[in-house]
Amino acid sequence: MAEHTTAGSSGASEPDTNSSAVGEDYPGRHREYEGRHRANPEGLSVWATAQSTGPVQRRGRYVPESVKHPARMLPAIAAHAIAAYTQPGDLVLDPMCGIGTTLVEAAHAGRDAFGIEYEPQWSNIADANIRHAHDQGASGRASVIRGDATRLMSLVPKALTGQVALVVTSPPYGPTVHGLVRPGEHGVVKYDDRYNDGEDKGNLAYRDLTGLTDGFAEILRGCATLLRPGGAVVVTARPWRKRGELVDLPSAVIAAGLRAGLVPTERCVALLAAVRHGQLVARPSFFQLQQVRKARTSGVPMHLIAHEDVLIFTKTHTPEDGSGVVA
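Figured I'd write up the structure that's included with this text. These figures come from a predicted structure and were not determined experimentally. (Residues numbered from 1 in each chain as written. Predicted model: local features only at pLDDT ≥ 70, side-chain atom pairs only at ≥ 80, totals over all residues. Heavy atoms only, no water.)

### Focus: the nonpolar core
General note: in soluble globular proteins, nonpolar side chains tend to be found buried as a group. Threshold: The criterion is simple. A nonpolar core is a set of buried Ala, Val, Leu, Ile, Met, Phe, Trp, Tyr and Cys residues joined through side-chain atoms within 4.5 Å. When a residue's accessible area, from a 1.4 Å probe over protein chains only, is under 20% of the maximum for its type it is buried; when over 50% it is exposed; and in between it is partly exposed. Elements are defined by DSSP. Helices are runs of H or I of four residues or more, strands are runs of E of two residues or more, and each kind is numbered from the N terminus.
Membership of the largest hydrophobic core comes to 33 residues, with the highest contact counts inside it found for Phe114 and Val156. Of all the elements in the fold, those that place two or more residues in this core are β2 (91-94), β3 (112-117), α5 (152-155), β5 (164-169), α6 (209-226), β8 (227-237), α7 (249-259) and β14 (307-315). Ala50, Ala106, Ile130 and Ile312 belong to the second-largest nonpolar core, a separate cluster that totals 28 residues.

Now the structure itself:
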């Protein structure tokens, strides 16, 4: 769900581009587009990405500190997108990479990857996860740039323009999300449930939906510049409730993509529930169960969320003949 991580505006830390995967001398070992980035056209638009739980998917593959991030993307979602839309040796980007889920899965799949992360806490954990992946034999190169993804083109070497085969990311879900729980003296205590401790207002998670959409459109505009012909942008998103009202984040993401010059081409479903004998087995968090129970008690027919929307975009280009062909 990329993690549901954040990017800010002013005040971001200085970018760190000291890596062979993002340096000015990037060798560009990624092939020219060969028309094979699409998923199998006969494949399903429903991705079975929660056959095992998140903790099981991450166990041994990610450092223990990874659990501190409040809204981690399921590794299977990133892995599915990478397998469906890239080939070995391709370059993958996550402009809000959090603890580096997209980067780790790309490296294990033999792709190169780089990510942008605004919060130093998460970028440090992403670095640790990348090192851990390489210790486990991952063949792809990966690195994290520390900075504000709304200023993406000021952070990334110009040599990477038109080199990215796939973008995988997700916008944040507000300032407080799932988190962890433990029993306390006065009941259940929630912790590790925020993107940062200081509530940095430059962080997209602390903007309203309009501000979030504006910032995300800027991020996607930079991604479109870096995307190669035939490349794809995969964004996972799901709605959430604020004071009982549904916040339609997937529609906001589509609007942001259109403003960034991208074209929506597919809409898939990444399951957050397992499929067992033809039935869905929900994997809700404690707080999801609590919210649903409270809502039903008050007469609101709320249900558990069982999937993420997966929104796939490509970009248009205007050839010399002005025909407006879609790449």
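### Considering the packing of helix α2 (residues 75-85) against helix α3 (residues 101-108)
Describing two packed helices takes the angle between their axes plus the distance from one axis to the other. Spelled out, the test is: Fitted lines through C-alpha atoms give the axes, limited to the stretch in contact for helices. The angle between two N-to-C directions lies from 0 to 180 degrees. The cut-offs work like this: below 35 degrees is roughly parallel, past 145 is roughly antiparallel, 65 to 115 is roughly perpendicular, and the gaps in between are oblique. Two helices cross in a left-handed way if the nearer one is turned anticlockwise from the farther one by less than a right angle. They cross in a right-handed way if the turn is clockwise. What makes two residues a contact is simply this: any of their non-hydrogen atoms within 4.5 Å. In the scheme used here, Gly and all other residues not listed as nonpolar or charged are polar, with Ala, Val, Leu, Ile, Met, Phe, Trp, Tyr, Cys and Pro taken as nonpolar and Asp, Glu, Lys and Arg as charged.
Packing of α2 against α3 leaves a shortest axis separation of 9 Å and a crossing angle of 50°. Judged by the inter-axis angle, α2 sits oblique to α3. The way α2 lies across α3 gives a crossing that is right-handed. Across from Pro75, Ala78, Ala79 and Ile82 in α2, the residues of α3 making contact are Thr101, Thr102, Glu105 and Ala106. In terms of residue class, the contact of α2 with α3 is built from 5 nonpolar, 2 polar and 1 charged.

### Looking at the sheet that holds β14
Test applied: Each pair of strands is called paired provided DSSP finds at least two bridges between the two strands.
Pairing is mixed in the open sheet, where 8 strands are placed in the order β1-β11-β14-β8-β5-β2-β3-β4. Looking at strand neighbours, the two that pair on one side only are β1 (46-47) and β4 (142-146), the edges of this open sheet. With 2 bridges joining them, β2 and β5 adopt parallel strand pairing. Paired with Val92 across the two strands is Leu166, which belongs to β5. Taken strand by strand, helix α4 (residues 120-135) contacts β3 and β4, and its axis lies near 170° from that of β4.

### What about the environment of Cys97?
Along the chain, Cys97 falls in the loop between β2 and α3. Relative accessible area serves as the criterion here: at 0%, Cys97 is assigned to the buried category. Between the C-alpha atoms of Cys97 and Ser123, which are 26 residues apart in sequence, the distance is 7.9 Å.

### Here we look at α4
Selection rule: Take the residue count of a helix, subtract one, and multiply by 1.5 Å to get its expected span.
Taking 1.5 Å of rise per residue, 16 residues should cover 22 Å, and α4 covers 23 Å from first to last C-alpha, within 8% of that figure. Residues of α4 that are buried include every one of Trp122, Ser123, Ile125, Ala126, Asp127, Ala128, Asn129, Ile130 and Ala133, and no others. For α4, the secondary structure elements touched by its buried residues are α3, β3 and β4. Positive backbone phi, at 100°, marks Gly137, one or two positions downstream of α4.

### Concerning the pairing of β2
Neither face of β2 is exposed, since Leu91 and Leu93 on one face and Val92 and Asp94 on the opposite face are all buried. Sheet topology places β2 next to β3; 4 bridges connect them, and they run parallel. Bridge pairing in β3 places Asp94 opposite Gly115.

Shape descriptors only; they carry no functional weight alone.
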